[in-house]
Amino acid sequence: GLMIKQIIYGRLKLSRGLVRRMKKGGGVYLNGQSAYITQRVKTGDHLQIVFADEPTSVTPQPLDLDILYQDDYLLVINKKPDMAVYPTRTYPEKTLANGIAHLWQKQGLKCKIRLLHRLDRETSGVIIVVKDPYTYQIMVNQLRTRQLKRKYLAVVQGFLQKKEGVIDEPIGRSSSMKGHALKRAVLSQGKPAQTYYRVVREYKELSLVQLELVTGRTHQIRVHLDWLGHPIIGDDMYFRPSDLIKRQALHAWSIEFKHPLTAENLVVRAPLPQDMLTILRQQLN
């Protein structure tokens, strides 16, 4: 007895943007026939909603991608350190997106590359790519409502006084940081930012810390750890370069979410990369 639009906006909770995408190049089909969203349905009817999509404009390049999970809806990759996620003027090729475009090409997929979240070029670890606009809406909602949990591992300077806690300090762009467009700082007028942390293990001079993002501000973990007085080893923007590692020792270790179709709870993890393991092994000697 419901109209199709009541199902679209109510039960399926489609956004207005998705409905526009549906109208532009997709459509609504009731029992295999094109239908208006004001038509009413009855028990046993088959309702199909098709969304318009377009091929990615990113140039395909064959790259060695470490795929942790993949199905018809999602792709989860362990990004290598020193790899930009998307082409820029500075890094126009050999980015994560170039490798994904090549994978799409091999799989015969003609869709955009939808990165659910980003990682800094030097940060390694788990990143989610979404294959269709409806799934993207579901996953973005999980991100907003904090159902999706992201955990990181960092090697930091020194030993933390409190071994577990939450850093609840606002982050913003400081006017005193000219020449550093991306650099952030803890500022009273910044945007709210919360990071949970727990010391996993202490070494000779360093600590391995697990961190969980509540918010997702630019450079949040790096800024919060620097503010705490325990910056990440190798972070030349917030600390200093290191002889131990050529990048900041930060790794997106784990991501937990509900599968957008089955609602199954999934946990996908990427082991610590070799350069971070090397630091920790050296600290044991």
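Counting from 1, residues in each chain are numbered in the order their sequence is written. Confidence filtering applies because this is a predicted model: local features only for residues at pLDDT of at least 70, side-chain atom pairs given and counted only at 80 or more, and all residues used for totals across whole chains, interfaces and linings. As a rule here, side-chain values come from all non-hydrogen atoms in the structure, and water together with hydrogens is ignored.

This brings us to the packing of aromatic side chains. Within 6.5 Å between ring centres, the rings of Phe, Tyr and Trp (the latter by its six-membered ring) count as paired, and their orientation is classed by plane angle as stacked under 30 degrees, edge-to-face over 60, tilted in between. What the rule picks out here adds up to one aromatic pair. Considering the side-chain rings of phenylalanine 51 and tyrosine 134, the 6.0 Å spacing of their centres and the 15° angle between planes classify their relative orientation as stacked. Residue phenylalanine 51 is located in the loop between strand 3 (47-50) and strand 4 (66-70), and its partner tyrosine 134 is located in helix 4 (residues 133-144); the two are separated by 83 residues in the primary sequence. Given the relative accessible area of 24%, tyrosine 134 is considered partly exposed. Geometrically, a lysine NZ or arginine CZ counts as sitting over a ring once it is within 6 Å of the ring centre and also within 35 degrees of the ring normal. The cationic tip of arginine 16 hangs over the ring face of tyrosine 9; the distance from NZ or CZ to the ring centre is 4.2 Å. It is lysine 183 that lies over the ring of tyrosine 238; its NZ or CZ is 5.7 Å from the centre. In DSSP terms, a helix is any run of H or I states spanning at least four residues, a strand is any run of E spanning at least two, and both are numbered starting from the N terminus. Only protein chains enter the accessibility calculation, which uses a 1.4 Å probe; a residue is then buried when its area is under 20% of its type maximum, exposed when over 50%, and partly exposed in between.

Moving on: unusual backbone geometry. In the Ramachandran plot, lysine 13 falls in the positive-phi region, its phi being about 55° despite a non-glycine side chain. If you trace the backbone, lysine 13 turns up in the loop between helix 1 (4-11) and helix 2 (16-25). A positive phi angle is found at arginine 146, which is not glycine, with a value near 65°. Checked against the element boundaries, arginine 146 lands in the loop between helix 4 and strand 8 (149-157).

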